[in-house]
Amino acid sequence: MQILPFQINLNLSFAIDLSLAVFLWLVQCIIYPSFRHISADIFEKWHAGYQRRISWIIGPILLLQLFLVCIEAVQVPSSYSLIRLGLVAVSWLITVCISVPLHCRIERGEEREQSIERLIQSNWLRTLTWSSLLLSHFLPW
């Protein structure tokens, strides 16, 4: 039963998953580790600008992925779509419960070095979940 007047375009879903996986690997390997090298006297202002700019870029992609995965799970319920929905849910939970609070601590200057290290370490979970979403396109469902 189709709920919306369109079907999910698998190419769009793949493109969104690919862009998020690439983004997370860039964040994990380049962006977050670079936080270690920004001097404390400019970090607060720099980080606030970074968060604002990156949100405008990645926010719509995250929302589109969430929308597409939810619609897929409703329109075509299967183990594939439910696993993908679970991966998105885990990714969002990690983001909301771990990454965002760490970014807030970093921006406030609270234990900046330790918070940066925790952010880098905990981001491996998000990198894994978003990479798994991309890899799900290649599994024989």
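Residues numbered from 1 in each chain as written. Predicted model: local features only at pLDDT ≥ 70, side-chain atom pairs only at ≥ 80, totals over all residues. Heavy atoms only, no water.

A. Spatial organisation of the overall build of the protein chain. Scanning the protein chain from N- to C-terminus turns up 4 helices and 0 strands. In the protein chain, the succession of helices and strands from N to C terminus is α-α-α-α. Its C-alpha atoms give the protein chain principal-axis dimensions of roughly 55 × 25 × 20 Å. Taking all 141 residues of the protein chain together, the buried fraction comes to 39%. Within the protein chain, contacts between residues separated by at least 24 positions form 77% of all contacts whose residues are at least 6 apart in sequence. Total accessible area on the protein chain stands at roughly 8200 Å², and carbon and sulfur atoms take up 71% of it. (Helix = DSSP H or I, 4+ residues; strand = E, 2+ residues; numbered from the N terminus. Buried < 20%, exposed > 50% of the residue type's maximum accessible area, 1.4 Å probe, protein only. Contact = heavy atoms within 4.5 Å. Areas by Shrake-Rupley, 256 points an atom, 1.4 Å probe, with all protein chains shown as cover.)

B. Summary view of the confidence of the model for the protein chain. Per-residue confidence for the protein chain averages 92 on the pLDDT scale, and 93% of its residues sit at or above 70. When pLDDT is averaged over each element of the protein chain, helix H4 (residues 112-135) comes out on top at 97 and helix H2 (residues 40-75) at the bottom at 94. (pLDDT = per-residue confidence, 0-100.)

C. Molecular detail of the layout of surface pockets. Roughly 430 Å³ of internal volume is contained in the largest pocket. Listed by contribution, the elements that provide at least two residues to the lining of the largest pocket are helix H1 (10-34), H2, helix H3 (79-108) and H4. For the lining of the largest pocket, the leading source of residues is H2, giving 7 residues. (1 Å grid on protein atoms, 1.4 Å probe; cavity = no way out; pocket = protein on both sides within 12 Å on 5 of 7 lines; lining within 4 Å. Points joined across faces, edges and corners; volume = space filled by probe spheres on them.)

D. Local environment of the side chain of Gln28. By the element assignment, Gln28 lies in helix H1. Engagement of the side chain of Gln28 in a polar contact is seen with the side chain of Asn123, the distance being 2.7 Å. Residues within four places of Gln28 in sequence aside, it is in contact with Pro33, Ile120, Asn123, Trp124 and Thr127. (Polar contact = N/O pair within 3.5 Å; in protein donor to acceptor, adjacent residues only side chain to side chain.)

E. A look at the environment of Ile71. Note on placement: Ile71 falls in helix H2. For Ile71 and Ser81, which are 10 residues apart along the polypeptide, the C-alpha to C-alpha distance reads 9.3 Å.

F. Representation of the nonpolar core. Counting residues in each nonpolar core, the largest one holds 24 residues, and the members touching the most others are Tyr32 and Phe35. If you list the elements that add at least two residues to this core, you get H1, H2, H3 and H4. Among the elements that make up this core, the one with the highest residue count is H2 (7 residues). The residues touching Tyr32, leaving out its near neighbours within four places in the chain, are Val27, Tyr50, His103, Ile116, Leu119, Ile120, Asn123 and Arg126. (Core = buried A, V, L, I, M, F, W, Y, C linked by side-chain atoms within 4.5 Å.)

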